[in-house]
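# Coordinate analysis (summary)
The chain contents come next:
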Amino acid sequence: MGQVDTQNRIVQSCQLTVITCMDFRLHGATNLPHYLAQRFGEFATYDLLTPPGGCYPLVHEGEEERERILGHLALSISLRSPETILIIPHINCGRYHAERRFYCEEEEVDRLTQDVLLSGKMLLNRFPLAQVRGFIARVDSVMMTGLEEVYSAPVESRSGTLQFSGNP
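All values reported here derive from a predicted model rather than from experimental measurement.

## A closer look at helix 3 (residues 63-80)
Here helix 3 spans 25 Å end to end across 18 residues, near enough to the 26 Å set by a 1.5 Å rise per residue. Taken together, the buried positions of helix 3 are Arg66, Ile69, Leu70, Gly71, Leu73, Ala74, Ser76 and Ile77. Check the buried side of helix 3 and you find it contacts strand 3 (16-20), strand 4 (46-49), helix 2 (56-60), strand 5 (84-88) and helix 5 (105-126). Phi for serine 81, located one or two positions after helix 3, is positive at around 50 degrees.

## Looking at the packing of aromatic side chains
What the rule picks out here adds up to one aromatic pair. Both rings, one in tyrosine 56 and one in tyrosine 96, keep their centres 4.8 Å apart while their planes meet at 85 degrees; by these two values the pair is edge-to-face. Within this pair, whereas tyrosine 56 is found in helix 2, its partner tyrosine 96 is found in the loop between strand 5 and helix 4 (98-101), the two being separated by 40 residues in sequence. According to the relative accessible area criterion, tyrosine 56 is buried, its value standing at 9%. Looking at tyrosine 96, the relative accessible area reads 1%, which means it is buried.

## Notes on a nonpolar patch on the surface
A contiguous nonpolar patch, built from Phe24, Val142 and Met143 and spanning about 290 Å² of accessible area, is present on the exposed surface. Take valine 142: its relative accessible area is 51%, and that puts it in the exposed class.

## A few points about helix 5
The terminal C-alpha atoms of helix 5, which comprises 22 residues, lie 31 Å apart, in line with the 32 Å expected from a rise of 1.5 Å per residue. When we look at burial in helix 5, the residues that qualify are Glu108, Val109, Leu112, Thr113, Asp115, Val116, Ser119, Gly120, Leu123, Leu124 and Arg126.

## A look at the pattern of salt bridges
Per the stated rule, a full pass over the model turns up 10 salt bridges. Between arginine 95 and glutamate 61 there is a salt bridge, with the nearest N and O atoms lying 1.9 Å from each other. Separated by 34 residues along the polypeptide, arginine 95 in the loop between strand 5 and helix 4 and glutamate 61 in the loop between helix 2 and helix 3 bring together distant segments of the chain. In this structure, glutamate 63 engages arginine 66 in a salt bridge whose closest nitrogen and oxygen atoms are separated by 3.0 Å. Separated by three residues within a single helix, glutamate 63 and arginine 66 lie in helix 3, roughly one turn from each other. By relative accessible area, glutamate 63 is classed as partly exposed at 46%.

## Thoughts on the nonpolar core
The nonpolar side chains of a soluble globular protein tend to be buried, and buried together. Ranked by size, the top nonpolar core spans 43 residues in total, and within it Ile85, Ile88, Leu123, Phe127 and Val132 carry the most contacts. Only strand 3, helix 1 (32-40), helix 2, helix 3, strand 5, helix 5, strand 6 (131-139) and strand 7 (144-152) provide two or more residues apiece to this core. Filtering out sequence-adjacent residues up to four positions away, valine 132 remains in contact with Ile85, Ile87, Gly120, Leu123, Leu124, Tyr151, Ser152 and Ala153.

What counts as what
- Residues numbered from 1 in each chain as written.
- Predicted model: local features only at pLDDT ≥ 70, side-chain atom pairs only at ≥ 80, totals over all residues.
- Heavy atoms only, no water.
- Helix = DSSP H or I, 4+ residues; strand = E, 2+ residues; numbered from the N terminus.
- Expected span 1.5 Å × (residues − 1).
- Buried < 20%, exposed > 50% of the residue type's maximum accessible area, 1.4 Å probe, protein only.
- Contact = heavy atoms within 4.5 Å.
- Phe/Tyr/Trp six-rings, centres within 6.5 Å; stacked < 30°, edge-to-face > 60°.
- Patch = residues over 30% accessible without salt bridge, like charges linked within 9 Å, V, L, I, M, F, W, Y side chains within 5 Å.
- Areas by Shrake-Rupley, 256 points an atom, 1.4 Å probe, with all protein chains shown as cover.
- Salt bridge = Lys/Arg side-chain N within 4 Å of Asp/Glu carboxyl O.
- Core = buried A, V, L, I, M, F, W, Y, C linked by side-chain atoms within 4.5 Å.

Structure, rendered in structure tokens:
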């Protein structure tokens, strides 16, 4: 997937940039990489951004934290030119204080879905050429057990290179 730029340097690109939680249950060979390979191919390549709570800080934190994450995403886009940005929060996330804030899993899924939608709209506003998709990961006490798609930005006739608008 490497290309050569005008200064004869190898430029590495990837298919995806993934924004997800740092929770250990999502990572490891049988977890997130396994589910991404199922959906995007065995050799899916991706940059990984792991703020606590995944999309939580994009929606619920202050401007400084949101801009820090968007800056990391802008860097990934400028370095790797991913085709798609994925947003993947998970059930029972400590950042959401899952066991204290939600009465049932359905309520938690609704909240996570709303946050994925808000995050997706925010990312499309900042990165208008992006294809943005959102999923909710299911986890048990030790590992990821499922991945459900809850959002896919309509792909319009977009042309050009994925770039950011505004300050990175």
